[in-house]
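Single-letter residue listing:
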Amino acid sequence: MVMAIVFFGIYMMELDKQIKVVSWVWSDFFRAICGAVLYIITSLICVTKGHGDSALIVGGVFGLLAGLLFAYDTYTIFLQIRITRQHAAASTDDRV
C-alpha cells in the first residue's frame with residue numbers, strides 16, 4: 001500500500017513526465033503484481049487459519065478483495081503495455 005501511495009503521488013504531481021530515467025509503466029506493473037500476490041497469499045493464510053476467529057476470516061475476505069483489485073490493476077497495466085508495444089512496433093516510414 002505504501003508503494004501505491006508513492007506512485008499516486010508521483011502521477012499526481014506529474015513527476016513521471018519529468019523523470020525520464022525510470023520506465024514508469026513497468027515499475028507500476030511490478031508494483032501491482034507484487035501487491036496482488038502478497039495480498040492474495042496473506043489473505044488465504046488468514047482465511048485458512050481463522051477457524052473460530054470471525055475477525056480473522058473477515059479480514060482475510062477483505063484482503064482477497066483487495067488482492068483481486070490489485071490483480072485487475074495488473075491486467076489493465078498489462079493491456080496498456082501491450083498496446084504501446086504494438087504502436088512502437090508499427091512502421092513509421094512514410095515511403096511505401
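All values reported here derive from a predicted model rather than from experimental measurement.

How do you make sense of helix H3 (residues 24-49) when you look at a structure like this?
For an α-helix, 3.6 residues make a turn, and residues three or four places apart therefore share a direction. Between the first and last C-alpha of H3 there are 37 Å, a value that for 26 residues agrees with the 38 Å anticipated at 1.5 Å per step. Trp24, Asp28, Phe29, Arg31, Ala32, Gly35, Ala36 and Ser43 are the residues of H3 that are buried.

It is not clear to me how the packing of aromatic side chains should be interpreted in this structure. Could you clarify?
Ring pairs (aromatic) are described by centroid distance and by the angle formed between their planes. Scanning the entire structure with this criterion turns up 6 aromatic pairs. Aromatic pair Trp26 and Phe30: ring centres 6.0 Å apart, planes at 35°, arrangement tilted. Of this pair, Trp26 and Phe30 both sit in helix H3, 4 residues apart, which is roughly one turn of the helix. Judged by its relative accessible area of 47%, Phe30 falls in the partly exposed class. Clustering of aromatic rings is evident, with ring pairs tying together Phe7, Tyr11 and Trp24. The ring of Phe7 carries the charged tip of Arg31 above its face, separated from the ring centre by 5.8 Å.

How should I be thinking about a nonpolar patch on the surface in this particular structure?
On the surface, a cluster of nonpolar side chains totalling about 530 Å² of accessible area is made up of Trp26, Phe30, Ile33, Val37, Ile41 and Ile45. Checked against the element boundaries, Val37 lands in helix H3.

When you look at the environment of Ser27 in this model, what are you seeing that I'm missing?
Its location among the elements puts Ser27 in helix H3. Note: C-alpha distance between Ser27 and Phe7 (20 residues apart in sequence) is 9.2 Å. Sequence-distant contacts of Ser27, defined by excluding residues within four places in its chain, comprise Phe7 and Val22. From its side chain, Ser27 meets the backbone oxygen of Trp24 in a polar contact 3.0 Å long.

Conventions used here
- Residues numbered from 1 in each chain as written.
- Predicted model: local features only at pLDDT ≥ 70, side-chain atom pairs only at ≥ 80, totals over all residues.
- Heavy atoms only, no water.
- Helix = DSSP H or I, 4+ residues; strand = E, 2+ residues; numbered from the N terminus.
- Expected span 1.5 Å × (residues − 1).
- Buried < 20%, exposed > 50% of the residue type's maximum accessible area, 1.4 Å probe, protein only.
- Phe/Tyr/Trp six-rings, centres within 6.5 Å; stacked < 30°, edge-to-face > 60°.
- Lys NZ or Arg CZ within 6 Å of the ring centre and 35° of its normal.
- Patch = residues over 30% accessible without salt bridge, like charges linked within 9 Å, V, L, I, M, F, W, Y side chains within 5 Å.
- Areas by Shrake-Rupley, 256 points an atom, 1.4 Å probe, with all protein chains shown as cover.
- Salt bridge = Lys/Arg side-chain N within 4 Å of Asp/Glu carboxyl O.
- Contact = heavy atoms within 4.5 Å.
- Polar contact = N/O pair within 3.5 Å; in protein donor to acceptor, adjacent residues only side chain to side chain.

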